[in-house]
Amino acid sequence: MDAPRLERALAESTLVFDAETIDAAIERLAVRINVEFSGQVPIFMIVMNGGLPFGAAIFDRFQGPCELDYVHVARYGHETSGGELRWLREPSLDVAGRTVILLDDVLDRGISVLRVTERLQTLGAQTVATAVLVRKAVADCVTQADYVALDAPDLFLFGRGMDYLGGWRNLQEIRALNPDAQA
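Below you will find a few notes about this structure. (Residues numbered from 1 in each chain as written. Predicted model: local features only at pLDDT ≥ 70, side-chain atom pairs only at ≥ 80, totals over all residues. Heavy atoms only, no water.)

## Digging into the environment of phenylalanine 59
Point 1. The residue phenylalanine 59 is located in helix α3 (residues 52-61) in this model.
Point 2. You can call phenylalanine 59 partly exposed: its relative accessible area is 27%.
Point 3. Sequence separation between phenylalanine 59 and glutamine 126 is 67 residues, and the spatial gap between their C-alpha atoms is 20 Å. (Helix = DSSP H or I, 4+ residues; strand = E, 2+ residues; numbered from the N terminus. Buried < 20%, exposed > 50% of the residue type's maximum accessible area, 1.4 Å probe, protein only.)

## Thoughts on the sheet that holds strand β4 (residues 86-89)
Point 1. Reading across the sheet, the six strands line up as β4-β3-β2-β5-β6-β7 and stay open at both edges, with mixed pairing between neighbours. At either margin of the open sheet sits one strand with a lone partner, and together these are β4 and β7 (147-152). In this sheet, adjacent strand axes meet at a mean angle of 25° when their direction is disregarded.
Point 2. Bridging between strand β2 (residues 43-48) and strand β3 (residues 67-74) involves six bridges; their strand directions are parallel. Note on β3: the bridge partner recorded for phenylalanine 44 is leucine 68.
Point 3. Sitting on the sheet, helix α2 (residues 19-36) is in contact with β2, β5 (99-107), β6 (127-136) and β7, with an inclination near 155° to β7.
Point 4. In the packing of helix α4 (residues 111-122) onto the sheet, contacts are made with β2, β3, β4, β5 and β6, and the angle to β5 comes to roughly 165°. (Pairing = 2+ DSSP bridges. Axes fitted to C-alpha atoms, helices over the stretch in contact; angles between N-to-C directions. Contact = heavy atoms within 4.5 Å.)

Next up, the structure:
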């Protein structure tokens, strides 16, 4: 990991959402999910690695019984644009006949959310609801999320699970990468 490059990217980035704005958006979304899935025992399925902070926040706020699992897919690696979807881990729980709430960090083109949803349906999930922390304003999106905490412009974002070159997933805010830093 190139620490000087990561530090420069952070210093030259632009704040998109501060921690308080993100926390409030997650709280509003958690209330909706609690109401709409009350009386059910859903499986919260986190898309790793980026979906971990958001997924944990929603999971922690669910007020009924539920189960937790994860899938691990990758499209970006250490690039700033996505490639082919690679499966690194399938679900471990049996999703057949179950309600699954898929939790991911960002919806840009929607490829990861669409492919994971399709896989869960193939495995027999009765319902797959999708929730994302951030939905980018992308014209050629192939699917939409059922639950969206925040809407953002189509910029390369990092923080709150989203990374740049493998770093800064741990930031509590969400920042936009300066286009010059991508070179």
